[in-house]
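Survey of secondary and tertiary structure
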Amino acid sequence: MNENSVQDPITVLLIDDQPMIAQAVRRMLVSETDINFHYCSNPTQALKVARSCQPTIILQDLVMPEMEGLVLVRFLRAENSPTKDVPLIVLSSKEEPVIKAKAFALGANDYIVKLPDKLELIARIRYHSQAYVNLIKRKEAEAILQADNLRMRKELEMLRQMQRMILPTAEELSTIEDLEIAGYMEPADEVGGDYYDILYTDNLVTIAIGDVTGHGLESGILMVMTQTAVRTLKEIQELDPVKFLDVLNRTIYKNVQRMNSEKNLTLAILTYAEGKISISGQHEETIVVRKGGAIERINTINLGFPIGLEAEISDFIDHTILDLNEDDGIVLYSDGIPEAYSMDKKQYGLEKLCEVISQNWHQSAEKIKQVIIDDVKRHIGEQKVFDDITLVVLKRKFNQNQEILETQNAILEPEPEPGLEPGLELEAEPGLEPGLESEPEPEPEPEPEIPHNGGKRKKLGFFRRQSFL
C-alpha cells in the first residue's frame, strides 16, 4: 500500500462455492496490508459470517449449488439485514446483460467477470469500501448531531419554561388596586430575547420592558439575568433612576464580558405611584394614552443607553414624570410589533399600532391587549415571525365610586346665606364656649418623590436606537 492509499481498514467477504477462486482472490490481496480477507463457501451461512466479520465490501458469486445467486442478493439487501448498506460486487463467469440488470435492480453495486485483473479488483474494492466507510462516518456524525440537537432542544425548552415562569401572573396584577395591567410575550424561536416584568412593592408599581439583541440561548440567558437584577434593585428600594440603571448596567456588562458575548439590550423602567409615573431608560417609544383615546408618544432616546454595551452609562440616564388621570394609560411594546412583516413585505408600523390603541381605549386593558395581538397576527398571516413580540397595556382605573361621592358632595354643599358679606364669620352656636376652637385638620402626607438626575448629561445627537435592535 502506497502513501496515498486509504487509511481506513477494509474488510472483504467473498461468498463463492469454489475454494480455488478464494485462493486466487486471497493471493491478489495479500500484499495490501490494510485489507482483511474473509471467505464463506456456503451461501446459507453468508449472513452469519457477515455479522461476525462486519465487511466493508462483499464479493458474491451468482452461480452456486446451495442457493441461486439473485436470491442471495435479495437476502443481503433485505431491510433488516446487517448487510443492507454494505457495497456488493457480484461475480459471474461471463457477461450476461439480463442477469446483470436483475442484480442491479436488487441492489448490487457492481458486476465483475471473474477473475478480473488484480489492479482492477483492488481499485474497485477500495472505491466501494471508501464510499461505505464515508457513509458510516456520516451516519455516526448525524446521530451525534441529532443527540446534541435533542439535548439542546430540551435545554432551550427548560429555559423557555423558566422565562414563562418568571413572568408576572394574573393574581399578582390583580392586587394592584389603582391600575389595570395586561401583558403578552411570544418568542420568535424556542427562547426569546424580549423581557417585561411588573413588580408591586410598598405601593410602588414598577414596569420594566426590554429587548436583547437577537434571540436564542444567549439572549434568553441575558433576559433572565436582567429580570433578576431588576427585581433585586427593587427589593432594596433603589428609587433613583440614575443609580438604578447604572448599577444594573454594570452588573449586566460584567456578565456579558465574562460570557465573551456581544449581546446588549434596550431597557425602559417605569415607576408609578398615586397618579404619577416616571419613565427612564432607552427603549421603543412610550405610548401615553389619555382618556378618550388621545395619543402622546414619548421618545426615550435621551432617557438612557443600551444596557451591557458600555461599562459606564450614568451620564446618559435621565427620566421624565407624567400625570396619569383616571382612564389614562401607557402602552409598551417591543420592535417585533411595528416591524412585523406581512406576506407582501409590509411592516405593521407604529402608526397602525397607535390607531388600534386609540380606537379601543374604551375597553379593558386585557381586551385592548388582545385586540392589538389579533390585529398584528392578522397582518403577519402566513409570514414567518422574525422577532419576538411583547406588549404591555397599563390603564389607570376609573373610580366610579369617587365620582358619585364628589357629585353627592356638590349637591349637598349648603349655599351661603343671603346678605352675608364675604369673609364675615358666623356667630358661635348657642352652648359653644367663646374661644373654643375645633381641632385642626391633619395635614396631608406629601406624595412620594422620585429622584431626578439634576446633573449634566451627555447628549448623543447622532445616536440611533436601530443600531441596537
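Check the entry above for the structure.
Overview of the structure. In this text the structure is predicted, and so the values were computed from the model without any measurement.

**What about the sheet that holds strand β12 (residues 295-298)?**
Spatially, the five strands line up as an open sheet ordered β6-β15-β14-β11-β12, and their pairing is antiparallel. What marks the edges here is a single partner per strand, and that holds for β6 (179-186) and β12. In this sheet, adjacent strand axes meet at a mean angle of 15 degrees when their direction is disregarded. Here strand β14 (residues 329-333) pairs with strand β15 (residues 389-396) via five bridges, running antiparallel. Residue pairing in the sheet places G329 in a bridge with K395 of β15.

**Digging into unusual backbone geometry**
Each neighbour pair has its own omega, and for K114 with L115 the value is -10 degrees, a cis peptide bond. Summarising the element assignment, L115 is placed in the loop between β5 (110-113) and α5 (118-165). Even without a glycine there, the phi angle at D327 is positive, about 75 degrees. Looking at where D327 falls in the secondary structure, it is placed in the loop between β13 (319-323) and β14.

**Regarding the sheet that holds β5**
Read across the sheet, five strands follow the order β2-β1-β3-β4-β5 without closing on themselves; strand pairing throughout is parallel. With partners counted over all chains shown, the strands left at the sheet margins are β2 (35-40) and β5, one partner each. For this sheet, the mean inter-axis angle between neighbouring strands, taken without regard to orientation, is 20 degrees. In terms of strand pairing, strand β1 (residues 10-15) meets β2 through six bridges, oriented parallel. Its bridge partner lying in β2, V12 is registered against F37. Contacts from helix α2 (residues 46-53) reach β1 and β2, with the element oriented near 170 degrees to β1. Relative to strand β3 (residues 57-61), helix α3 (residues 69-76) is tilted by about 155 degrees, and along the sheet it contacts β1, β3 and β4 (88-92).

**Some remarks on the pattern of salt bridges**
Tallied over the entire structure, the rule returns 23 salt bridges. The salt bridge partner of D85 is K139, with a shortest N-O separation of 2.9 Å. Here D85 is found in the loop between α3 and β4, whereas its partner K139 is found in helix α5, with 54 residues between them in sequence. Assessed through its relative accessible area of 32%, D85 is described here as partly exposed. Among the salt bridges present, the one from R290 reaches E296, with a minimum N-O distance of 3.0 Å. Taking relative accessible area as the criterion, E296 reaches 33% and is therefore assigned partly exposed. Among the charged side chains, a salt-bridge network with shared partners connects D16, D61 and K114.

Conventions used here
Residues numbered from 1 in each chain as written. Predicted model: local features only at pLDDT ≥ 70, side-chain atom pairs only at ≥ 80, totals over all residues. Heavy atoms only, no water. Pairing = 2+ DSSP bridges. Helix = DSSP H or I, 4+ residues; strand = E, 2+ residues; numbered from the N terminus. Axes fitted to C-alpha atoms, helices over the stretch in contact; angles between N-to-C directions. Contact = heavy atoms within 4.5 Å. Salt bridge = Lys/Arg side-chain N within 4 Å of Asp/Glu carboxyl O. Buried < 20%, exposed > 50% of the residue type's maximum accessible area, 1.4 Å probe, protein only.

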